[in-house]
Amino acid sequence: MNEQMKVILDKIKTYDRIVIFRHKRPDGDAVGSTLGLRGILRLTYPAKEIIVNNSDYSDYVGFLGSEDETRPDEFYAEALGIVIDTATSDRVSNPRFSLCKELCKIDHHIPKETYGDYQWVEEHRSSSCEMVAAFYAAFKDELKIDVDSATLIYAGMVTDSGRFRFRSVTGETMRLAGMLLDEGVDTDHLYAHLYMKDFNSLKLQAYVYDHMKMSEHGVAYIYINRATQKKFKLTFEQACAAVGYMDSIKDSLIWIAFIESDDGSIRVRLRSRFVTINQVAEKYGGGGHDCASGATVHGRKEMKALIADADTRLADYKESNEGWL
Ligand code: AMP
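Since the structure is predicted, the reported quantities are computational estimates derived from the model, not experimental observations. Counting restarts for each chain, with residues numbered from 1 along the sequence as it is written. The predicted origin of the model limits local features to residues at a pLDDT of at least 70 and limits the giving and counting of side-chain atom pairs to 80 or more, whereas totals for whole chains, interfaces and linings rest on all residues. Just so you know, side-chain values use all the structure's heavy atoms and leave hydrogens and water out.

Asks: Is there a simple way to explain the packing of aromatic side chains in this structure?
Replies: In this analysis, rings of Phe, Tyr and Trp, with Trp reduced to its six-membered ring, are considered paired at centre separations within 6.5 Å, and the interplanar angle assigns stacked below 30 degrees, edge-to-face beyond 60, and tilted for intermediate values. Tallied over the entire structure, the rule returns 8 aromatic pairs. Their ring planes at 55 degrees and their centres at 5.9 Å tell us that Tyr154 and Phe164 sit as a pair that is tilted. In this pair, Tyr154 is assigned in helix H5 (residues 147-160) and Phe164 in the loop between H5 and helix H6 (171-181), connecting sequence segments 10 residues apart. Here Tyr154 falls in the buried class, since its relative accessible area comes to 6%. On the numbers, 6.0 Å between centres and 15 degrees between planes, the contact of Tyr191 with Tyr195 is stacked. Residue Tyr191 and its partner Tyr195 are located together in helix H7 (residues 187-195), separated by 4 residues, close to a single helical turn. The buried label applies to any residue whose accessible area, calculated with a 1.4 Å probe on protein chains only, is under 20% of its type's maximum; exposed applies above 50%, and partly exposed to all values in between. Assessed through its relative accessible area of 47%, Tyr195 is described here as partly exposed. An aromatic cluster is defined as three or more aromatic residues linked by ring pairs; in this entry it consists of Phe21, Phe97 and Tyr115. Geometrically, a lysine NZ or arginine CZ counts as sitting over a ring once it is within 6 Å of the ring centre and also within 35 degrees of the ring normal. Its end group placed over the ring of Phe75, Arg71 keeps NZ or CZ at 4.8 Å from the ring centre. Numbering of helices and strands runs from the N terminus; a helix is a DSSP stretch of H or I covering at least four residues, while a strand is a stretch of E covering at least two.

Asks: Looking at this structure, I do not really get the domain arrangement of the protein chain. What am I missing?
Replies: When the parts of a complex come together, some accessible area is lost, and that lost area is often taken as the interface size. Domain ranges listed in this record stem from an automatic or a database domain assignment. In terms of domains, the protein chain is made up of domain 1 (3-194) and domain 2 (201-320). The gap between the C-alpha centroids of domain 1 and domain 2 is 28 Å. The contact criterion used is simple: two residues touch if any of their non-hydrogen atoms lie within 4.5 Å. Contacts between domain 1 and domain 2 engage 9 residues on the former and 14 residues on the latter. Buried area is calculated as the accessible area (1.4 Å probe) missing from two parts once they are joined, with the contributions of both summed. Of all residues in domain 1, Arg25, Ile110 and Lys112 bury the most surface against domain 2, accounting for 55% of the area lost on that side. We define a salt bridge as a side-chain nitrogen of Lys or Arg found within 4 Å of a carboxyl oxygen belonging to Asp or Glu. Scanning the region where domain 1 abuts domain 2 turns up 1 salt bridge. For the salt bridge of Arg165 with Asp247, the shortest nitrogen-to-oxygen distance reads 3.9 Å. Polar contacts, as counted here, are pairs of nitrogen or oxygen atoms within 3.5 Å of one another; within protein the pair requires one atom able to donate a hydrogen and one able to accept it, and residues that are adjacent in sequence qualify only if both atoms are side-chain atoms. Remark: the boundary between domain 1 and domain 2 carries 2 residue pairs in polar contact (both at pLDDT 80 or more). Ten residues, namely Ala, Val, Leu, Ile, Met, Phe, Trp, Tyr, Cys and Pro, are considered nonpolar, four, namely Asp, Glu, Lys and Arg, are considered charged, and the remaining ones, Gly among them, are considered polar. Its residues assigned to classes, the side of domain 1 that touches domain 2 shows 1 nonpolar, 3 polar and 5 charged.

Asks: Help me understand the site of the ligand, please; the structure alone is not making it clear to me.
Replies: For this purpose, a residue is taken to be near a molecule or strand whenever a single non-hydrogen atom of the residue falls within 4 Å of it. Surveying the vicinity of the ligand reveals 13 residues, the closest of which are Arg91, His109, Arg267, Arg269 and Arg271. Taking Arg267, its side chain carries an N or O atom lying 2.7 Å from an oxygen atom of the ligand. At a separation of 3.3 Å, a nitrogen atom of the ligand approaches a polar backbone atom of Gly287. Here the ligand, which alone exposes 480 Å², has 84% of that area covered by the protein. Those elements giving two or more residues to the shell around the ligand turn out to be strand S9 (266-272), strand S10 (287-288) and strand S11 (292-297). Here the element with the most residues in the shell around the ligand is S11; it accounts for 4 residues. To be clear on the numbers: accessible area is Shrake-Rupley with a 1.4 Å probe, and residue cover counts the displayed protein chains and nothing else.

Asks: Quick question: what am I supposed to make of the pattern of salt bridges here?
Replies: Side chains that differ in sign of charge can pair as their charged atoms come close. Taken as a whole and judged by the stated rule, the model has 17 salt bridges. One salt bridge in this structure joins Asp10 and Lys6, with 3.8 Å as the shortest N-O distance. Note that Asp10 and Lys6 are positioned in helix H1 (residues 3-14) at a spacing of 4 residues, about one turn of the helix. Two residues, Arg125 and Glu130, come together in a salt bridge whose shortest N-O distance is 3.0 Å.

See the structure below:
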């Protein structure tokens, strides 16, 4: 247990109202960590009002559970806010987080900004869910957990670590995952949710393989405009999954999906192995992790420039490193 964890638990004990927030465009880690912590805290402190309240929603992780209704502003003003999995304050989904009396930040991203009154940031963790699991483990004698909360936290660990594949996975990750499994997580059921694809998404996968391009030094990329999303009857979130289809192309150490949004802007999802990519995302106002970052660009010109930057990054990497695949 570290000092920051202790401070956060002490704060939780002090407040009767707690609001948990996450980042916009939630993924499994954002949803699993917030709903999982809510579960632990509700079980442990039944007299407290503990809610998860955000301003957007994602179909992809909707199966994990639902969040709570928005409350009047006064509710937030008397509450402790806990923001999980969100590096910068402008990425918090619900702007009401700023109304909270005090604010804690729990995160595993590169800390680009210090916000809130209390921070517990551990960049080396494979997920924010791993941090919530570590938090529970550190205060096991005081906190309660059930199979639903364990499943939520386990789901976030599984999804954010590429199914326990990324280098950020440690012995500690697996020990914490083991602790959650011991609560009775139904892995068959969970993985069915994660792997089942509907017909249209498989059609999109075929489209991606048919239309993806490769830059000179091996950056694979795909652009999916609104017309294509409409043709395949895809939600924006389903179209965004396209980045995952390009993750195993030999010699292509960077892969990028550009997905056009309803407002005409283009969401960029960058992924890589061995080589870091976050500096390219940051150049375009985005950010994220070493090998999984995001940004938004406006128009084809900016898209081309980003591809050229990623290509240069990959060329430099290949020239000065060996042993990559
Ligand atoms: P995504 O492709 O949206 O799954 O994002 C990959 C990682 O980059 C996640 O950790 C996001 O939180 C982060 N990220 C995505 N978009 C942005 C952005 N515009 N600014 C900063 N970080 C981002």
